[in-house]
Amino acid sequence: MSDDATDLAFHPLPPGAPRSGAAAPGVIVMPGGGYTHLAPHEGAPVAAWLGRLGFAAWVLEYPVGPAARHPAPLDAARAAMRRARADAPGLGVDPARIGVLGFSAGGHLAAHLAAGPATEEAERPAFAVLCYPATSWHSFAGGDGSPRADPLLGPDTTDARRRELSIELIAVERTPPTFLWHCADDPVVGVDHALSLTRTLAGLGVPVELHVYPEGGHGIGLAADSGAAAGWTARCAEWLARTAGT
């Protein structure tokens, strides 16, 4: 990732946002988009919501598409966390309280940064929020186990390679507190992604909270008009207040 400010857009706290100290907690937001594009509704609007909760935010435009196969997105996320922590004091943000929040493929990226065994401690977030995350990457393999087009690993990858990027198989005990939510009727990323990762994290002793909503599908972002799933923002706000404070 370059140092170009367009890659990591900072969203300061809005006037009147809750503050309990000199430095606010922060979140790096990672939109979804299947590693082929970045969904706008999972970026700036989410940063604005976090600001109203008292969390400064960055939106990461990580590289996607055929020219940005793994590990390019993960390298961008690592660089983003280092840069956010370096810039934090000058922005009124506590560098020790910077977490990540990702949707779908962005949830996979956020989870890889948070739970991956190769993440350096200077790059590991303080907490993670994973929204309908595509964490079990091997589940996208063809039914016969043969290689198929893969937006992150390329068209000639293998199931073994996908398993190396499946977070429930590689997560470590150093994973920070994690909040997950998913819809049971998600037709794109099945709910088992969230269930299997929750089981793994619980087994490792990582503080983890999971919410599953009966309907809502996939890609619904803040989910304001999505029935019961609209409640995820309130549940997450409560969890963030307990976990990172404002």
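The coordinates are above.
Residues numbered from 1 in each chain as written. Predicted model: local features only at pLDDT ≥ 70, side-chain atom pairs only at ≥ 80, totals over all residues. Heavy atoms only, no water.

**A word on the packing of helix α2 (residues 72-91) against helix α3 (residues 105-115)**
- Between α2 and α3, the shortest axis-to-axis distance is 10 Å and the interhelical angle comes to 60°. On the basis of the axis angle, α2 is oblique to α3. Judged by the twist between their axes, the crossing of α2 over α3 is right-handed. Between α2, through P73, L74, A77, R78 and M81, and α3, the contact on the second element is made entirely by L109, H112 and L113. (Axes fitted to C-alpha atoms, helices over the stretch in contact; angles between N-to-C directions. Helix = DSSP H or I, 4+ residues; strand = E, 2+ residues; numbered from the N terminus. Parallel < 35°, antiparallel > 145°, perpendicular 65-115°, else oblique. Left-handed = near helix turned anticlockwise from the far one by under 90°. Contact = heavy atoms within 4.5 Å.)

**Here's the deal with the packing of aromatic side chains**
- Applying the stated criterion across every chain, the model contains 13 aromatic pairs.
- Each residue in the set W49, F103, Y132, W181, Y213 and W232 is aromatic and connected to the rest through ring pairs, giving one cluster. (Phe/Tyr/Trp six-rings, centres within 6.5 Å; stacked < 30°, edge-to-face > 60°.)

**Looking at α2**
- With 20 residues, α2 should reach 28 Å at 1.5 Å per residue; the first-to-last C-alpha distance of 27 Å fits that figure.
- Of all the bends in α2, the greatest reaches close to 30° and is centred on R85; the proline P89 follows between one and four positions later.
- Of the positions making up α2, those classed as buried are P73, L74, A76, A77, R78, A80, M81, R83, A84, R85 and A88.
- Buried residues along α2 sit against β1 (8-11), β2 (24-30), β3 (56-60), β4 (93-103) and α3.
- G92 lies just past α2 and shows a positive phi near 75°. (Expected span 1.5 Å × (residues − 1). Bend = angle between axes of the 7 residues up to and from the residue. Buried < 20%, exposed > 50% of the residue type's maximum accessible area, 1.4 Å probe, protein only.)

**A look at the pattern of salt bridges**
- Here the structure, examined in full by the defined rule, presents 13 salt bridges.
- In this structure, R174 engages E121 in a salt bridge whose closest nitrogen and oxygen atoms are separated by 3.1 Å. Note that R174 is positioned in the loop between α5 (167-170) and β6 (178-183) and E121 in the loop between α3 and β5 (128-131), a separation of 53 residues in sequence.
- The exposure class assigned to E121 is partly exposed, which follows from its relative accessible area of 48%. (Salt bridge = Lys/Arg side-chain N within 4 Å of Asp/Glu carboxyl O.)

**Points about the pairing of β5**
- On β5, burial covers both faces: A128 and L130 on one face and V129 and C131 on the other are all buried.
- Looking at chain direction, β4 and β5 are connected through four bridges and run parallel. Bridge pairing in β5 places V100 opposite A128.
- Handedness of the β-α-β unit built from β4, α3 and β5 comes out right-handed.
- Sheet analysis places β5 next to β6, joined by four bridges and oriented parallel. Paired with V129 across the two strands is F179, which belongs to β6. (Pairing = 2+ DSSP bridges. Right-handed = clockwise from strand over helix to strand, strands pointing away.)

**Focus on the sheet that holds β1**
- The strand order across the open sheet built from seven strands is β1-β3-β2-β4-β5-β6-β7, with neighbouring strands paired in mixed fashion. Among the strands making up the open sheet, the edge pair consists of β1 and β7 (208-213). On average, adjacent strands in this sheet sit at an angle of 15° to one another, irrespective of strand direction.
- Seen against the sheet, α3 touches β2, β4 and β5 and runs at an angle of roughly 140° to β4.

**Concerning the packing of helix α1 (residues 44-53) against helix α7 (residues 232-243)**
- Taken N-terminus to C-terminus, the directions of α1 and α7 make an angle of 50°; their axes are 11 Å apart at the nearest point. Relative to α7, the element α1 is oriented oblique. The way α1 lies across α7 gives a crossing that is right-handed. Along its contact with α1, which presents W49, L50 and L53, the element α7 presents W232, T233, C236, A237 and L240.

**Overview of unusual backbone geometry**
- A cis amide bond links H70 with the next residue in sequence, P71, at an omega value of 15°.
- Within the fold, P71 resides in the loop between β3 and α2.
- Positive phi outside glycine occurs at Y132, with the angle close to 35°.
- As for its position among the elements, Y132 is in the loop between β5 and α4 (159-163).
- A residue is classified by how much of its surface remains accessible, and Y132, at 0% relative accessible area, is buried.
- Here A223, not a glycine, exhibits a phi torsion of approximately 60°, which is positive.

Without other data, these values stay purely geometric and don't point to any function.
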